[in-house]
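# Overview (structure and organization)
Each chain, letter by letter, is given below.
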Amino acid sequence: RKEVEQDPGPFNVPEGATVAFNCTYSNSASQSFFWYRQDCRKEPKLLMSVYSSGNEDGRFTAQLNRASQYISLLIRDSKLSDSATYLCAVNRYGGSQGNLIFGKGTKLSVKP
Amino acid sequence: GAGVSQSPSNKVTEKGKDVELRCDPISGHTALYWYRQSLGQGLEFLIYFQGNSAPDKSGLPSDRFSAERTGGSVSTLTIQRTQQEDSAVYLCASSRQYSAEKLFFGSGTQLSVL
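Residues numbered from 1 in each chain as written. Chains lettered and ligands numbered in written order. Predicted model: local features only at pLDDT ≥ 70, side-chain atom pairs only at ≥ 80, totals over all residues. Heavy atoms only, no water.

## Here's the deal with the environment of Gln38(A)
Tracing the backbone through its elements, the reader meets Gln38(A) in strand β4 (residues 33–38). Relative accessible area serves as the criterion here: at 9%, Gln38(A) is assigned to the buried category. Gln38(A) sits 69 residues away from Lys107(A) along the chain, and the two C-alpha atoms are 9.3 Å apart. Engagement of the side chain of Gln38(A) in a polar contact is seen with the side chain of Gln37(B), the distance being 2.8 Å. (Helix = DSSP H or I, 4+ residues; strand = E, 2+ residues; numbered from the N terminus. Buried < 20%, exposed > 50% of the residue type's maximum accessible area, 1.4 Å probe, protein only. Polar contact = N/O pair within 3.5 Å; in protein donor to acceptor, adjacent residues only side chain to side chain.)

## Notes on the environment of Ser7(B)
Within the secondary structure layout, Ser7(B) lies in strand β1 (residues 5–7). Considered as a pair, Ser7(B) and Gln84(B) are 77 residues apart in the sequence and their alpha carbons are 20 Å apart.

## Quick notes on the sheet that holds strand β7 (residues 65–69) of chain B
Residues and elements named next belong to chain B. The four strands lie next to each other as β1-β3-β8-β7, forming an open sheet whose pairing is antiparallel. Each edge of the sheet is formed by a strand with only one pairing partner; in this case those strands are β1 and β7. Taking each pair of neighbouring strands and ignoring which way they run, the sheet shows an average axis angle of 15 degrees. Here β1 pairs with strand β3 (residues 19–24) via three bridges, running antiparallel. Bridge pairing links Ser7 to Arg22 in β3. (Pairing = 2+ DSSP bridges. Axes fitted to C-alpha atoms, helices over the stretch in contact; angles between N-to-C directions.)

Laid out in structure tokens, this is it:
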């Protein structure tokens, strides 16, 4: 099993749609989880952290399922500007230390 | 500086040459990471520094790749005897403390090996 896995997509959705991505991870001891956004030919930027209790920021909701070892990102009321690649990141080692390992990303394309 | 700075932004080299890529992290950031990203691919972890030491260098693809960090600040990634498969964007990131928290990425070095 890969350390971090994502469905590469692409997810093609109309404006206003709700879309969800999942990301599975292999190390049950991992404690830090994040979603990053990467625009074409740009560097990744942090979208949001994922907490055990879930995390909501406007139209974006991130959740953690420890039992099944996955994190999710839900985008409501999709905008054209949401078109990007969404990368999940998980710390490699137990606790909150160590380096982040990224998934290959899920590409989202929001159409008018 | 205000952000993570990488240089050069673009590097074209001939197969077999050595290249050196530089990363200047955000001032005060103790953790520094190197990743590479090939066209259309995800981020591939290379090496991670805490201060000047590298607790995890497991992602370096071969012994042609090495990295160092001095003064807890600037880092250089060196690729010796470059090969065409080394062509990629090399991204550096830094974070504030010892925990794997928010990473700030530089804009990367696009390396092209001809």
